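Structure at a glance
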Amino acid sequence: QVQLVESGGRLVQAGDSLRLSCAASGHTFSMYNMGWFRQAPGKEREFVAAVRWSGSYTRYAESAKGRFTISRDNAKNTVYLQMNSLKPEDTAVYYCAAGKIGLEVMTMSSGYDYWGQGTQVTVSS
């Protein structure tokens, strides 16, 4: 069992940076691949970024490439999402997720077993 708690979301201006954190409980955090997803009002949840359990492999949505960086600190049971050059279209609730899933399905929300409650990111123009 893994419990996830996101933090760091807030209101920012377009062009600003923000770092989201996801703290995990349980001593098996390092065994899980971790993902960040987001959901804007009226839209489906979409993949943002994922990182392998070891931190050695990452994957990004096209919208995140070059602007967002996912990382993890297994000693702190925490995964991060550094977001730079934020745009109004990045406004959404951001969720972190944990799963023992293959690299080929890291972009699929159905592959994850545990989810956090989400943190709101609002980017004003």
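Residues numbered from 1 in each chain as written. Predicted model: local features only at pLDDT ≥ 70, side-chain atom pairs only at ≥ 80, totals over all residues. Heavy atoms only, no water.

What follows deals with the state of the cysteines. Under the defined criterion, the tally for this structure stands at 1 disulfide. Shown here is the disulfide that connects Cys22 with Cys96, its sulfur atoms set 1.9 Å apart. Because the sign of the S-S torsion sets the handedness, a value of about 45° for the bond joining Cys22 and Cys96 places this disulfide among the right-handed ones. With Cys22 in strand 3 (residues 18–24) and Cys96 in strand 9 (residues 92–99), the pair connects residues that are 74 residues apart, well separated along the chain. Of the two residues, Cys22 and Cys96, both sit in the buried class. (Disulfide = S-S within 2.5 Å. Helix = DSSP H or I, 4+ residues; strand = E, 2+ residues; numbered from the N terminus. Buried < 20%, exposed > 50% of the residue type's maximum accessible area, 1.4 Å probe, protein only.)

A few words now on the pattern of salt bridges. Under the counting rule described, the total for this entry stands at 4 salt bridges. A salt bridge links Asp90 to Arg38, with the shortest nitrogen-to-oxygen separation between them at 2.9 Å. Highlighted residues: Asp90 in the loop between strand 8 (78–83) and strand 9 and Arg38 in strand 4 (residues 33–39), separated in sequence by 52 residues. A relative accessible area of 6% places Arg38 in the buried class. Put simply, Glu62 and Lys65 hold a salt bridge, and the shortest N to O gap is 2.7 Å. (Salt bridge = Lys/Arg side-chain N within 4 Å of Asp/Glu carboxyl O.)

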